[in-house]
Every structure is written in structure tokens, then in C-alpha cells.
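The lines below spell out each chain.
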Amino acid sequence: MAYPGEGGEHLLYEDDGTSQGYLSGQSVTTRIDHRTTATTRTVRIRPAEGAYRGWSRRRDIEIQFRNELPPVALNLDGKSVPRATSATTGHWWYDPMTATTHVSVPKADMRVGMTVRLKRAKVTRASGVDGLDALDGLVGLLRRLTLVDQTVRTLLGDDNRRIVSLFRAIEGSASGSAADALAAIGSVRDDVPELVSILGRHADGHRSIEAVKPAEPPVNSVLIESMRKVLEQTLVQFPSG
């Protein structure tokens, strides 16, 4: 996985995991580095060094570029990698729910290594801010919306369709451009304040119903109110706009 940042390095160490052969140098190390510029993100896997019995030279690799909008293009050792709308061997695909670009490299030769380069799209929000800033807190927001949907969907009636429509907008950007993804993200962020109000209204409605039976614990209103507070806290942490 490659996370945002100017760059980083990692040394992957492997041995057979069972014997003490590592004491006599029976191991393999692979250097991996990640570099980021305004227009590209690059992961370079250097040729593996060393050996041990059972080590697999050829293997399926998946590289993940986290916290990214859909790229303009993706290259493996200078050659274009085709795009897919879901996990597909030998392709790249975008998961909008985690803002991650996945790259599948089947039967990669670890003795040769590889270079995977993602070309970023240049997108800007209406406010003039770099579009990548829109990803700040997005994954956490989507997880909270999922929690709200799973917890109170049967209590919101037709209003739950608002949450479903937001998920559909985000999921639809899996096959779209960076601009499409940014528009979907903007819709989600802009609708959160209204969702907070909707949850508050439903909580009040269930309190009125529960007040008729004061001997019974107020279950539904408490559930809805707890989810309202979850989204309200999200607004404080990551305001829209």
C-alpha cells in the first residue's frame, strides 16, 4: 500500500518462517520505494536479493495507492495498464468507498522488479482548492454513513433513500473520472447537514410515540439520536465546502 506523502522506503524481508536458515543468510530482501509529485505517484519494487528454499520468484502482486482520485492513466514499466470497474487480474480499478486505486500485476518476476506510475488528474473544487483536499476525512465519513444506514434504516422510512442515493453516487464514480468522483464527494459532504436534520426530526417523532408508553425504555429515539450525533461530530471534524 502506498499512502499519501512526498515519499518513503520499505525493505521487505522474507525467510521460510520455520527453520533457522536465516542465521546463515537464507533470506530474501526487496527494497520498495514510493515517490509523489503534483502530477504522479510512483511505486518502484527493486529486484529481490538473496534466496531460501521455497521462495517464490513469480507471484501475483497488488499495489494500492491510498487517498487518491481516479487517475488519468496508469503505467507498468512504461506500458499502459487497462482499467476495469472492479477487481480484475492485469488491470487497475478504483474503489471510491476507500479512495484507493488498485493495480493487479499477475506473475510478477521479483528478480526483475517493476515500476508502477500513476498519472494524476488535475482537478480543482469550485472554491479553488486542490481537489485532493476533498478526500480529507472521506473514508471516515463513508464509514459513518454506512453505520447510520445499517443502524436506523428501518426507522427512517422513505428518508433512508437519501443515504442510499449518496452511496450510489459514490459507487458510480468507480468507472468515472476524477471530476466525476469529486462531484460525488461534494454531493455527499453537502448533504450531511440535511441528514443531521432528518435524523433529528425522526428522533423527535419517535420520542412522541414513546412518550405514550412511559414504562417502556425509549429504544428507537435513542438509536436515531446516537446516529445523529455521529454525523454531527463529522461536520465538526470535516465541515463541507
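See the structure printed just above.
Structural notes, computed from the coordinates. In this text the structure is predicted, and so the values were computed from the model without any measurement.

For the rest of this paragraph, the subject is the pairing of strand 8 (residues 92–95). When a strand is regular, its side chains alternate between the sheet's two faces. One ladder, built from 4 bridges, connects strand 8 with strand 9 (residues 100–109); its direction is antiparallel. Within strand 9, the position partnered with Tyr 94 by the bridge is Thr 101. A loop of 4 residues connects strand 8 with strand 9, the two strands running antiparallel in sequence, and Ala 99 in this loop sits at a positive phi of about 50°.

Another point: the sheet that holds strand 8. Read from one edge to the other, the open sheet built from 3 strands follows the order 5-9-8, with strand pairing classed as antiparallel. Bordering the open sheet on either side are strand 5 (58–66) and strand 8, each of which pairs with just one other strand. Strand-to-strand twist of the sheet, defined as the mean angle between neighbouring strand axes without regard to direction, takes the value 25°.

Let's shift gears to the pattern of salt bridges. Scanning the entire structure with this criterion turns up 18 salt bridges. Here Arg 59 ties to Glu 14 by a salt bridge, and the two come within 3.0 Å at their closest N and O atoms. Taken together, the residues Arg 59 in strand 5 and Glu 14 in strand 1 (residues 7–14) connect sequence positions 45 residues apart. Grouping residues by exposure puts Arg 59 and Glu 14 together as buried. The closest approach of N and O atoms between Arg 44 and Asp 33, which form a salt bridge, is 3.6 Å. Of this pair, Arg 44 sits in strand 3 (residues 40–45) while Asp 33 sits in strand 2 (residues 27–36), placing them 11 residues apart in sequence.

On to the environment of Gly 113. On the secondary structure map, Gly 113 appears in the loop between strand 9 and strand 10 (114–119). Sequence separation between Gly 113 and Ser 173 is 60 residues, and the spatial gap between their C-alpha atoms is 32 Å. Setting aside its immediate chain neighbours within four residues, Gly 113 contacts Ile 45, Arg 46, Pro 47 and Asp 77.

The subject of this paragraph is the pairing of strand 3. Burial analysis of strand 3 places 5 of its 6 residues in the buried class, the great majority of the element. By the bridge criterion, 5 bridges tie strand 2 to strand 3 in an arrangement that is antiparallel. Bridging from a neighbouring strand, Arg 35 pairs with Thr 42 of strand 3. Between the antiparallel neighbours strand 2 and strand 3 lie 3 residues. Inspection of the sheet shows strand 3 paired to strand 10 by 6 bridges, in the antiparallel sense. Across the sheet, Ile 45 pairs through a bridge with Met 114, a residue of strand 10.

At a minimum axis separation of 10 Å, helix 1 (residues 138–152) and helix 4 (residues 219–237) run at an interaxial angle of 170°. Between helix 1 and helix 4, the angle is such that the two are roughly antiparallel. Residues Leu 141, Arg 144, Leu 145, Leu 147, Val 148, Thr 151 and Val 152 of helix 1 lie in contact with helix 4, whose contacting residues are Leu 223, Ile 224, Met 227, Val 230, Leu 231, Gln 233, Thr 234 and Gln 237. Partitioned by chemical class, the residues of the contact of helix 1 with helix 4 number 10 nonpolar, 4 polar and 1 charged.

What follows deals with the packing of helix 3 (residues 178–211) against helix 4. Running from N to C, helix 3 and helix 4 cross one another at 160°; their axes reach a closest spacing of 8 Å. By the angle between their directions, the pair helix 3 and helix 4 is classed as roughly antiparallel. Read as a crossing pair, helix 3 and helix 4 show a hand that is left-handed. Residue-level inspection shows Val 192, Pro 193, Leu 195, Val 196, Leu 199, Gly 200, His 202, Ala 203, His 206, Arg 207 and Glu 210 of helix 3 in contact with helix 4, the latter providing Val 219, Asn 220, Ser 221, Ile 224, Glu 225, Met 227, Arg 228, Leu 231, Glu 232 and Leu 235. In terms of residue class, the contact of helix 3 with helix 4 is made up of 11 nonpolar, 5 polar and 5 charged.

Attention now moves to unusual backbone geometry. A positive phi angle is found at Asn 67, which is not glycine, with a value near 55°. With a relative accessible area of 29%, Asn 67 lands in the partly exposed category.

It is worth spelling out helix 4 at this point. Here helix 4 contains 19 residues, and its C-alpha end-to-end distance of 28 Å stays within 8% of the 27 Å for a straight helix at 1.5 Å per residue. Those residues of helix 4 not exposed but buried are Ser 221, Ile 224, Glu 225, Met 227, Arg 228, Leu 231 and Thr 234. Packing partners of the buried residues in helix 4 comprise helix 1 and helix 3.

Checked against the element boundaries, Ala 108 lands in strand 9. If near-sequence neighbours (up to four positions away) are discounted, Ala 108 is found in contact with Arg 57, Arg 58, Arg 59, Ile 61 and Met 114.

Calculation notes
Residues numbered from 1 in each chain as written. Predicted model: local features only at pLDDT ≥ 70, side-chain atom pairs only at ≥ 80, totals over all residues. Heavy atoms only, no water. Pairing = 2+ DSSP bridges. Helix = DSSP H or I, 4+ residues; strand = E, 2+ residues; numbered from the N terminus. Axes fitted to C-alpha atoms, helices over the stretch in contact; angles between N-to-C directions. Salt bridge = Lys/Arg side-chain N within 4 Å of Asp/Glu carboxyl O. Buried < 20%, exposed > 50% of the residue type's maximum accessible area, 1.4 Å probe, protein only. Contact = heavy atoms within 4.5 Å. Parallel < 35°, antiparallel > 145°, perpendicular 65-115°, else oblique. Nonpolar A, V, L, I, M, F, W, Y, C, P; charged D, E, K, R; others polar. Left-handed = near helix turned anticlockwise from the far one by under 90°. Expected span 1.5 Å × (residues − 1).

Spatial relationships are all this shows, so hold off on functional conclusions.
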